[in-house]
Amino acid sequence: MQHTTDIAIIGAGPTGLFAVFECGMLKTRCHVIDALPDIGGQCVALYPEKPIYDIPAFPSITGADLITQLAAQARPFKPVYHLGQQVVGLEAQGNGWLLTLSGGDTITAGAVIIAAGAGAFGPNRPPLDGIEAYEATGGVQYYVRRMADYTGKRVVIAGGGDSAVDWALNLAPIAAHVALVHRRPKFRAAPESLAQLEALVATGKVELVVPYQLDGLQGAHGQLTAVRVVTLEGETRDLPADVLLPFFGLSMELGPILDWGLNLERNHIAVDQATCATSRPGIFAVGDVATYPHKLKLILTGFAEAAHAAHAAHRYLFPGQEMHFEYSTTKGVTGL
Ligand code: FAD
């Protein structure tokens, strides 16, 4: 599908979300793209329940609550979110920019604000031969989007943390069989979850496959039939499976952004601090991904940069149009 907007914002972390608000106050429309299936960047992916103490006017607010507030603040400006998709291409097109998303959609934008943090989040993928074919058919999945899709399925879950344990607990009642593979007998999860897991193992609803590691995938034409696991001693087992869910955490990588012809400094995008303009006209960068001398990598810094970038992008999109600076108290926000 093809989309058109004033400004494309790459990254739905705290900085990207506040950029939607700042752009909206200047009446510029935004599309926001994020590789993760949910908005929130590091705050949601890495520390949703941790309190943050240095957000102005919030003595303490959790990562998840901060994102809920930022999303509410952005909502009146009707941002269009493209989640679960990475921006893989950015090229000049006429007076603007053409963004290509990993799902195949394209977005034509007059200006671009890159709020990509430390890069696109993606799952740590187990190094198994031929895994791509199974990823394409859903035989290997890294996120559970709809629990109902696992009804009556033979599910193998791999990992030793909260996600692996929680999904074993949640899918056990609906799946035909759940096997939980971990290289050690000990799991890192909340004590209540571990107690529930023990109970399900006792009733046979969940099978613990420990201490085993993933070794291979079996099937044909991307149709998974079994997951091979192995011990450190080399003893193997084949677990019948329709789907493998590996939960080995998230990694971040700037990836395609490094190839967009922008001036970089040690894996960050160099910007002019006053405007957040990059070396390419019409492309701005804010938040953790942007750098200049003495940059403070903090959420509050990203907020101020979002305001600078929104104003600079407006000047870029509408050259010659006089912009009267107004406080939000004067302008107001409809729809809040
Ligand atoms: P991010 O939050 O990293 O969001 C960037 C988003 O862009 C990601 O969701 C990513 O998937 C997406 N993205 C990147 N590339 C692409 C692409 N090509 N296509 C699509 N999407 C893409 N800061 C504070 O100020 N105070 C604190 O107390 C604090 N505590 C922290 C505690 C922890 C444990 C951690 C890890 C960080 C903490 N930080 C704190 C830092 C803070 O979280 C970051 O400064 C902030 O998240 C940066 O926001 P951002 O929007 O710039 O980037």
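Summary of the structure given here. Just so you know, these numbers come straight off a predicted model, no measurement behind them.

**Let's talk about unusual backbone geometry**
And then number 1: Following V210, the chain continues into P211 via a peptide bond in cis, with omega recorded as -10 degrees.
And then number 2: Its place among the elements puts P211 in the loop between β12 (206-209) and β13 (213-220).
And then number 3: Its identity as a non-glycine residue notwithstanding, K78 has a phi of 50 degrees, on the positive side.
And then number 4: One can find K78 in the loop between α3 (63-74) and β5 (80-83).
And then number 5: For N267, which is not glycine, the phi torsion reads 65 degrees and is therefore positive.
And then number 6: Relative to the helices and strands, N267 resides in the loop between β18 (264-265) and β19 (268-270).

**A few points about a nonpolar patch on the surface**
And then number 1: There is a patch of nonpolar side chains on the surface, built from L46, L250 and M252 and spanning about 230 Å² of accessible area.
And then number 2: By secondary structure assignment, the location of M252 is in strand β17 (residues 250-253).

**Describing the site of the ligand**
And then number 1: Taken together, 30 residues lie around the ligand, and D34, Q42, Y47, V87 and D288 are the ones closest in.
And then number 2: Residue Q42 places a side-chain N or O atom 2.8 Å away from an oxygen atom belonging to the ligand.
And then number 3: D54 places a side-chain nitrogen or oxygen 2.9 Å from a nitrogen atom of the ligand.
And then number 4: When the free accessible area of the ligand is taken as 1,000 Å², the share hidden by the protein chains comes to 86%.
And then number 5: Looking at the shell around the ligand, the elements with two or more residues in it are α1 (14-25), β2 (30-34), α2 (41-45) and β9 (120-123).
And then number 6: Taken together, the residues that form the shell around the ligand break down as 17 nonpolar, 10 polar and three charged.

**A few points about the packing of helix α5 (residues 162-171) against helix α6 (residues 191-203)**
And then number 1: The N-to-C vectors of α5 and α6 enclose an angle of 45 degrees; their axes lie 10 Å apart at closest approach. On the basis of their axis angle, the class for α5 and α6 is oblique. In terms of crossing hand, the pair formed by α5 and α6 is left-handed. Between α5 and α6, the contacting residues are V165, D166, A168 and L169 on the first element and S193, Q196, L197 and L200 on the second.
And then number 2: Residue composition of the contact of α5 with α6, grouped by class: five nonpolar, two polar and one charged.

**Overview of the side chain of H182**
And then number 1: By the secondary structure assignment, H182 is in the loop between β11 (177-181) and α6.
And then number 2: Among the polar contacts made by the side chain of H182, one reaches the main-chain carbonyl oxygen of K186 at a distance of 3.0 Å.
And then number 3: When residues no more than four places from it in sequence are discounted, the contact partners of H182 are G159, G160, F187, V209, V210, P211 and Y212.

**Some thoughts on α5**
And then number 1: Those residues of α5 that sit buried are A164, V165, A168, L169 and L171.
And then number 2: Here the buried face of α5 lies against β10 (154-158), β11, α6, β12 and β16 (243-246).

**What about the pattern of salt bridges?**
Pairing is possible between side chains of opposite charge, provided their charged atoms come close.
And then number 1: Under the defined criterion, the tally for this structure stands at eight salt bridges.
And then number 2: The closest approach of N and O atoms between R154 and D242, which form a salt bridge, is 3.0 Å. In this pair, R154 sits in strand β10 while D242 sits in the loop between β15 (236-240) and β16, placing the two residues 88 residues apart along the sequence.
And then number 3: Judged by its relative accessible area of 27%, D242 falls in the partly exposed class.
And then number 4: The partner of E305 in a salt bridge is K295, and the shortest N-O contact between them spans 2.8 Å. Here K295 lies in the loop between β21 (290-291) and α7 (299-317) and E305 lies in helix α7, a separation of 10 residues in the sequence.
And then number 5: When salt bridges that share partners are traced, they join R125, E132 and E135 into one network.

**Quick word on the pairing of β12**
And then number 1: With four bridges joining them, β11 and β12 adopt parallel strand pairing. Its bridge partner lying in β12, V181 is registered against V209.
And then number 2: In this fold, the crossover linking β11 to β12 by way of α6 has right-handed handedness.

**Details of the packing of aromatic side chains**
And then number 1: Tallying each qualifying case throughout the model produces four aromatic pairs.
And then number 2: Consider the rings of F18 and F21, whose centres lie 5.5 Å apart with planes at 20 degrees: the pair is stacked. Highlighted residues: F18 and F21, both in helix α1, separated by three residues, approximately one helical turn. Both residues of the pair, F18 and F21, count as buried.

**Remarks on the environment of R145**
And then number 1: By the element assignment, R145 lies in the loop between α4 (131-137) and β10.
And then number 2: Sequence separation of R145 and H31 is 114 residues, and the distance between their C-alpha atoms is 22 Å.

**What about the sheet that holds strand β14 (residues 223-230)?**
And then number 1: Taken together, three strands build an open sheet; the order of strands is β13-β14-β15 and the sheet is antiparallel. Taken across any chain shown, the strands that pair with only one partner, and hence form the sheet edges, are β13 and β15. Taking the axes of each pair of neighbouring strands and ignoring which way they run, one obtains an average angle of 25 degrees across the sheet.
And then number 2: Where β14 meets β15, five bridges bridge the pair, whose relative direction is antiparallel.

Cut-offs used in this document
- Residues numbered from 1 in each chain as written.
- Predicted model: local features only at pLDDT ≥ 70, side-chain atom pairs only at ≥ 80, totals over all residues.
- Heavy atoms only, no water.
- Helix = DSSP H or I, 4+ residues; strand = E, 2+ residues; numbered from the N terminus.
- Patch = residues over 30% accessible without salt bridge, like charges linked within 9 Å, V, L, I, M, F, W, Y side chains within 5 Å.
- Areas by Shrake-Rupley, 256 points an atom, 1.4 Å probe, with all protein chains shown as cover.
- Salt bridge = Lys/Arg side-chain N within 4 Å of Asp/Glu carboxyl O.
- Near = heavy atom within 4 Å.
- Polar contact = N/O pair within 3.5 Å; in protein donor to acceptor, adjacent residues only side chain to side chain.
- Nonpolar A, V, L, I, M, F, W, Y, C, P; charged D, E, K, R; others polar.
- Axes fitted to C-alpha atoms, helices over the stretch in contact; angles between N-to-C directions.
- Parallel < 35°, antiparallel > 145°, perpendicular 65-115°, else oblique.
- Left-handed = near helix turned anticlockwise from the far one by under 90°.
- Contact = heavy atoms within 4.5 Å.
- Buried < 20%, exposed > 50% of the residue type's maximum accessible area, 1.4 Å probe, protein only.
- Pairing = 2+ DSSP bridges.
- Right-handed = clockwise from strand over helix to strand, strands pointing away.
- Phe/Tyr/Trp six-rings, centres within 6.5 Å; stacked < 30°, edge-to-face > 60°.

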